[in-house]
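Letter by letter, the chains look like this.
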Amino acid sequence: MSLAIICPHRDMRDWVAALHSHDPDLDIQVWPHIRAPEQVVFALCWNQPADALGQLPNLRAISSLGAGADHLVGRADLPADVPLVRIVDDRLRQSMAEYVMFGVLAHLRHMWHYHREQEKRAWQIMPPRREEETRIGIMGCGELGGYVAGKLAAFGFRVHCWARSRKTTAVVPVYTGREELKDFLHRANILVCLLPLTAATENILNARLFRCLPPGAFLINAARGAHLVEADLLAALDSGQLAGALLDVFRQEPLASDHPFWTHSKIMVTPHAASVTDPWSAAGQVVDNYRRALAGKALLNRVDPARGY
Ligand code: NDP
Ligand code: OXD
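This report concerns the structure included in the present document. (Residues numbered from 1 in each chain as written. Chains lettered and ligands numbered in written order. Predicted model: local features only at pLDDT ≥ 70, side-chain atom pairs only at ≥ 80, totals over all residues. Heavy atoms only, no water.)

### Description of the overall build of the protein chain
- The helix and strand tally for the protein chain stands at 8 helices and 12 strands.
- Dimensions of the protein chain along its principal axes, counting C-alpha atoms only, are 65 × 45 × 35 Å.
- In the protein chain, buried positions account for 49% of the 309 residues.
- Contacts spanning at least 24 positions in sequence make up 60% of the contacts within the protein chain whose residues lie at least 6 apart.
- Of the charged side chains in the protein chain, 33 are positive and 32 negative, and the gap between their average positions amounts to 6 Å. (Helix = DSSP H or I, 4+ residues; strand = E, 2+ residues; numbered from the N terminus. Buried < 20%, exposed > 50% of the residue type's maximum accessible area, 1.4 Å probe, protein only. Contact = heavy atoms within 4.5 Å. Lys, Arg positive; Asp, Glu negative; His and termini not counted. Charge placed at Lys NZ, Arg CZ, Asp CG, Glu CD.)

Printed below as a string of C-alpha cells:
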C-alpha cells in the first residue's frame, strides 16, 4: 500500500520527510515517479494534472494539500465515489490571520502610500483611518474566516461575517445567505474574502457587490482568483468606489507579467502566499487519514462534493 503525492512543480522533500516523521514505514510515491500505481490507496494533491488520478485504480481517499478543494470537486477525471478530504490546521489559521491583520493595518495606516513616498523622500503625515470607524466584513465564517474574525475582534476591531448557514455560537455577528448579503456589505468598509470557490461564489466580487459597500472600501481577497471579476475591480478603483485592494490569489497563477494588477498604485499583489500549508504541522492529519482510509474508518475534514466545499 502506498500514498502518492501529486503536486507538480514543487519540491516535495519536506512533505516526504514530515510524513515519514509520523510513519517511517509509509511507502510514498511522488508524481511523476509513480512506480506502482496499483499500490496507491491515498493521494495528496495540489494542481494535479488532469490525467494523474485516473491512473490510480485502487484509491480509497484523495486529500487536498491545502484548505481549499476546488481543484478536486466536480472534476470529471476523478474516480467516482472516492471520498475527498482537505487540510484543517492551526498554522494555516494563524498564518491567514496574520495576513489579513497585515492588510487591515497597512490600509488603515496608509503603509502603501508611505512606501511610495519614501522613494521620493517625501515627509508628510496622513491622518490615520480611525479604528472605531472601521468595520471589517469577512465573507466566509469557516475554519479560516471564523478564526480571523476572532483575532481581529480581540484586537479591538468591529467585525462581522457572512456564511451560508445560520451560526449561533460565533464570536461576531454572522449574516446568512443571499438575503442578508446586502446588509452585511453595507456595514463593511474593509471586505475580506475567505470563501471557498464554488458555483455559488464564483465571480461574487463584482461591480454590483462593490456598489453595496460604503464608498472608499478596501478589499482583501485571500480566497480564490475566480471569486473576483478583475475588470470590475479596476473600474471600482478608478471611480473611487474602492480605495485599494490586497490580492493574494488570481485567475491565472502565476500572475502574467503584463497583468495590470502588478503596476496598479492601489493594488498590492502577493503570490498566493497568505497561508501556505506547513508540512510539519499538517502531515500528522494526512497520515491519520491514510490509516483511516486503510481501516475503512470515517475520514477527518471531509469535503462535501454536493456543497462544493
Ligand atoms: P471552510 O469550508 O471552513 O469555510 C467556508 C466558509 O464559507 C463557511 O463559513 C461557509 O458557510 C461559507 N460559504 C461557503 N459557500 C457560501 C455561500 N455560497 N454563501 C455564503 N457563505 C458561504 O473553508 P476554510 O475557511 O478552511 O477556507 C476558505 C477558503 O480559503 C478555501 O476554500 C481556500 O479557497 C482559501 N484559502 C486560501 C489560502 C491562501 O493562501 N490564499 C490558504 C488557505 C485557504 P457555512 O459555515 O454555512 O458552511
Ligand atoms: C489552500 C491554499 O487552499 O493554499 O490551502 O490556497
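### Structural notes on the nonpolar core
- Counting 56 residues, the largest nonpolar core has Ile-5, Trp-15, Leu-19, Ile-138 and Leu-152 as the members making the most contacts within it.
- Top contributing element to this core by residue count: helix H2 (residues 90-108), with 9 residues.
- Those residues within four positions of Ile-138 in sequence are excluded, and the remaining contacts are Gly-145, Val-148, Ala-149, Leu-152, Val-159, His-160, Cys-161, Trp-162, Phe-184, Val-192 and Leu-194.
- If you look at the next biggest cluster of nonpolar residues, it comprises 30 residues, including Phe-184, Leu-185, Ala-217 and Leu-233. (Core = buried A, V, L, I, M, F, W, Y, C linked by side-chain atoms within 4.5 Å.)

### Quick look at the site of ligand 1
- The environment of ligand 1 is made up of 30 residues, and the closest members are Arg-86, Cys-141, Ser-165, Lys-167 and Tyr-309.
- Within the side chain of Arg-86, a nitrogen or oxygen atom sits 2.8 Å from an oxygen atom of ligand 1.
- Cys-141 places a main-chain nitrogen or oxygen 2.8 Å from an oxygen atom of ligand 1.
- Listing elements by their share of the shell around ligand 1, those giving two or more residues are helix H4 (143-155) and strand S7 (158-163).
- If you tally residues by element for the shell around ligand 1, the top one is H4, at 3 residues.
- In the shell around ligand 1, the residues fall into 15 nonpolar, 8 polar and 7 charged. (Near = heavy atom within 4 Å. Polar contact = N/O pair within 3.5 Å; in protein donor to acceptor, adjacent residues only side chain to side chain. Nonpolar A, V, L, I, M, F, W, Y, C, P; charged D, E, K, R; others polar.)

### Regarding the packing of H2 against H4
- For the pair H2 and H4, interaxial distance at closest approach is 9 Å and the crossing angle is 50°. On the basis of their axis angle, the class for H2 and H4 is oblique. Of the two elements, H2 crosses H4, and the hand of that crossing is right-handed. Where H2 abuts H4, its residues Leu-92, Arg-93, Gln-94, Met-96, Ala-97, Val-100, Met-101, Val-104 and Leu-105 lie against Glu-143, Leu-144, Tyr-147, Val-148, Lys-151, Leu-152 and Phe-155.
- Class assignment for the residues of the contact of H2 with H4 results in 12 nonpolar, 1 polar and 3 charged. (Axes fitted to C-alpha atoms, helices over the stretch in contact; angles between N-to-C directions. Parallel < 35°, antiparallel > 145°, perpendicular 65-115°, else oblique. Left-handed = near helix turned anticlockwise from the far one by under 90°.)

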